[in-house]
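The chain contents come next:
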Amino acid sequence: MPALQPVRGTQDLLPLQMRRHRAVSETARVVALRYGFEEMATPIFEFTEVFQKPIGETSDIVSKEMYSFADRGGEHVTLRPENTAGVVRAVLSNGLTQAAPLKFFYSGPMFRYERPQKGRFRQFHQIGVELIGVAQPQADVEVIAAGARILDELGILGRTELELNTLGDTETRRLYREHLVAYYAGFRDKLSEDSLRRLETNPLRILDSKDPGDIAINIEAPEFHRHLNPLSTAFFDAVKRGLDALGIAYRLNPRLVRGLDYYTHTAFEFVTRDLGAQGTVMGGGRYDGLVGLMGGPEMAGVGWAAGIERLAMLIEEPAVAERPVAIIPVGEAAEPVALRLAEDLRRAGLVVDQSYSGNLGKRMKRANKVAARFAVLLGEDELARGVASLRDLDSGAQEEVPLAGLTDRLVQTR
RNA sequence: GCGGGUGUAGCUCAGUUGGUUAGAGCGCCAGAUUGUGAUUCUGGAUGUCGCCGGUUCGAGCCCGGUCACUCGCCCCA
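Conventions used here
Residues numbered from 1 in each chain as written. Chains lettered and ligands numbered in written order. Predicted model: local features only at pLDDT ≥ 70, side-chain atom pairs only at ≥ 80, totals over all residues. Heavy atoms only, no water. Helix = DSSP H or I, 4+ residues; strand = E, 2+ residues; numbered from the N terminus. Rg over C-alpha atoms; globule rule 2.2 N^0.38 Å. Buried < 20%, exposed > 50% of the residue type's maximum accessible area, 1.4 Å probe, protein only. Contact = heavy atoms within 4.5 Å. Areas by Shrake-Rupley, 256 points an atom, 1.4 Å probe, with all protein chains shown as cover. Polar contact = N/O pair within 3.5 Å; in protein donor to acceptor, adjacent residues only side chain to side chain. 1 Å grid on protein atoms, 1.4 Å probe; cavity = no way out; pocket = protein on both sides within 12 Å on 5 of 7 lines; lining within 4 Å. Points joined across faces, edges and corners; volume = space filled by probe spheres on them. Domains from an automatic or database assignment. Salt bridge = Lys/Arg side-chain N within 4 Å of Asp/Glu carboxyl O. Axes fitted to C-alpha atoms, helices over the stretch in contact; angles between N-to-C directions. Parallel < 35°, antiparallel > 145°, perpendicular 65-115°, else oblique. Left-handed = near helix turned anticlockwise from the far one by under 90°. Nonpolar A, V, L, I, M, F, W, Y, C, P; charged D, E, K, R; others polar. Pairing = 2+ DSSP bridges.

## Focus on the overall build of chain A
Line of reasoning, step 1. A count of helices and strands for chain A gives 15 helices and 16 strands.
Line of reasoning, step 2. For 414 residues, the compact-globule estimate of 2.2 N^0.38 gives 22 Å, and chain A exceeds it by more than 25% at 28 Å.
Line of reasoning, step 3. Dimensions of chain A, computed from C-alpha atoms along their principal axes, come out at roughly 95 × 50 × 45 Å.
Line of reasoning, step 4. Within chain A, buried positions represent 49% of all 414 residues.
Line of reasoning, step 5. Long-range pairs, those at least 24 residues apart, make up 68% of the contacts in chain A with a sequence separation of at least 6.
Line of reasoning, step 6. Roughly 21000 Å² of accessible area belongs to chain A as shown, and the carbon and sulfur atoms make up 52% of that amount.

Encoded structure:
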């Protein structure tokens, strides 16, 4: 039995779970389309450099979580750990910068070499939207609104809370970072090991530390909002006003930072308490500067990504699609008739289940197992009279229906 | 990468201070019912006790290692 195991951190999506995934990605796709985001897809692997610089050399993702390898031609490629960099690469590769604003929706697998946990996998799936080429705060508001709408249509908006913060523009961020490093430098002997490391890699992260000693130090740390320049403040105010106007509730969280280097201004996360340690269900923000960083023109951008597995764990069991009609031939002579009838019904759009062997009792059991709504019984005596016995499997009522009118009859009962 | 917990049938889980043929429920298969399912009754099959090694007369149980899952840290979706 322990024969073949899936690779650590990967999982099979059997029909039960696949239905949940499909419900999430399909709901998201339909809603995103209403907001004007068009579906697109990029390759699941790219040249390593596509991710390296944008995400940041010091980020956890690039420094220790990427599936990178040299292919047979010696090219250094990486399984995508996230999709924003890939989308921006596609924009540049296809010369789409002239067509801004660009609005994209995507859905697909991502790969990170992390320690698996509840709601955390090495191959996982994300849905996401990107709005590229709009520097106005309305874009942030629309992107967040689309996310909230999707969560709402999935029936889980009430189980999440929107946390909001601003990272300021590039200038603000650079100055604040300098202040922070200067402040923490005075506590080198008191900071936790993790935070000492963060001081080198991403000092903003120290603000988010859970270490009691760090928390004490953080009380006196320079406050970010005091370093925001007027432009950044005005931008953030406009985003908040927009959300207020739409009635989208949020909680300001000055400690909310993003793991990826390319974020500026708005940062947000929809979090839940229902998934243990992996509370973030959707996260994103503004990334002005990313397009330029990747070699394109200076171009604004804002977007989010959400984990399909995490969302799938939160939603109600999706209803199974349409219940099938079970075709049950009795005797050799009925087999070809049943085969044709099944085709006719399918052509008419009905879901049809066929049984392959066994006596009538066995085939009825199968019909029951696949949750068939009706069973169509075709025996010698029915054939002789050009009829079929139509059995309602819920009520048990059974009647004879002329074969010629069977399709119409079943289509009407859908 | 660090710390804790758990691995027994397809699934959920019992299994006494180490003791001889390892159990239950559900599911599965068959029969009661050779043209009528989901109910009921009767019967049946299924295990490298996660894996490797050690201790012991004897290991599902104790010890070491390993793999997987899981919870927390880290990080994030």
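## Re the environment of K103
Line of reasoning, step 1. Inspection of the secondary structure puts K103 in strand β5 (residues 102-111).
Line of reasoning, step 2. Note: C-alpha distance between K103 and A135 (32 residues apart in sequence) is 13 Å.
Line of reasoning, step 3. Among all residues touching K103, those that are not within four sequence positions of it are Y35, G36, F37, E38, E130, L131 and E142.
Line of reasoning, step 4. At 3.1 Å, the side chain of K103 forms a polar contact with the side chain of E142.

## A closer look at empty space enclosed by the protein
Line of reasoning, step 1. Per the counting criterion, the structure on display carries 1 cavity of 30 Å³ or more.
Line of reasoning, step 2. Reported here for the largest cavity is a volume of approximately 60 Å³.
Line of reasoning, step 3. For the largest cavity, the full set of lining residues is N165, T166, L167, Y176, L204, L207, F224, P254, R255, L256 and V257.

## Some words on the domain arrangement of chain A
Line of reasoning, step 1. When its domains are assigned, chain A resolves into domain 1 (15-169 + 229-314) and domain 2 (325-412).
Line of reasoning, step 2. On a C-alpha basis, the centroid separation for the pair domain 1 and domain 2 is 49 Å.

## Examining the pattern of salt bridges
Line of reasoning, step 1. If you walk through the whole model with that rule in mind, you get 25 salt bridges.
Line of reasoning, step 2. Note that D288 and R286 form a salt bridge whose closest N and O atoms lie 2.8 Å from each other.
Line of reasoning, step 3. The exposure class assigned to D288 is partly exposed, which follows from its relative accessible area of 21%.
Line of reasoning, step 4. Between E399 and R409 there is a salt bridge whose closest N-O contact spans 2.6 Å. Within this pair, whereas E399 is found in strand β16 (residues 398-402), its partner R409 is found in helix α15 (residues 403-412), the two being separated by 10 residues in sequence.

## Here we look at the packing of helix α1 (residues 15-34) against helix α5 (residues 137-153)
Line of reasoning, step 1. In the contact formed by α1 and α5, the axes pass within 9 Å of each other and the chain directions differ by 140°. Considering the angle they form, α1 stands oblique to α5. Both α1 and α5 take part in a crossing whose hand is right-handed. Counted together, T27, A28, V31 and R34 of α1 and A146, R149, I150 and E153 of α5 form the full contact between these two elements.
Line of reasoning, step 2. In the contact of α1 with α5, the residues fall into 4 nonpolar, 1 polar and 3 charged.

## Considering the sheet that holds strand β14 (residues 374-378)
Line of reasoning, step 1. Pairing is mixed in the open sheet, where 5 strands are placed in the order β13-β12-β14-β15-β16. Here the strands that pair on one side only, and so sit at the sheet edges, are β13 (352-354) and β16. Geometrically, the sheet is characterised by an average inter-axis angle of 30° between neighbouring strands, direction not taken into account.
Line of reasoning, step 2. Strand direction decides the pairing type here: strand β12 (residues 325-329) and β14, joined by 5 bridges, are parallel. Looking across to β14, one finds that I327 is bridged to V376.
Line of reasoning, step 3. Sheet strands touched by helix α12 (residues 334-347): β12, β13 and β14. Its angle to β12, the strand with the most contacts, is close to 165°.
Line of reasoning, step 4. Strand contacts of α15: β12, β14, β15 (387-392) and β16, with the helix running at about 115° to β16, the strand carrying the most contacts.

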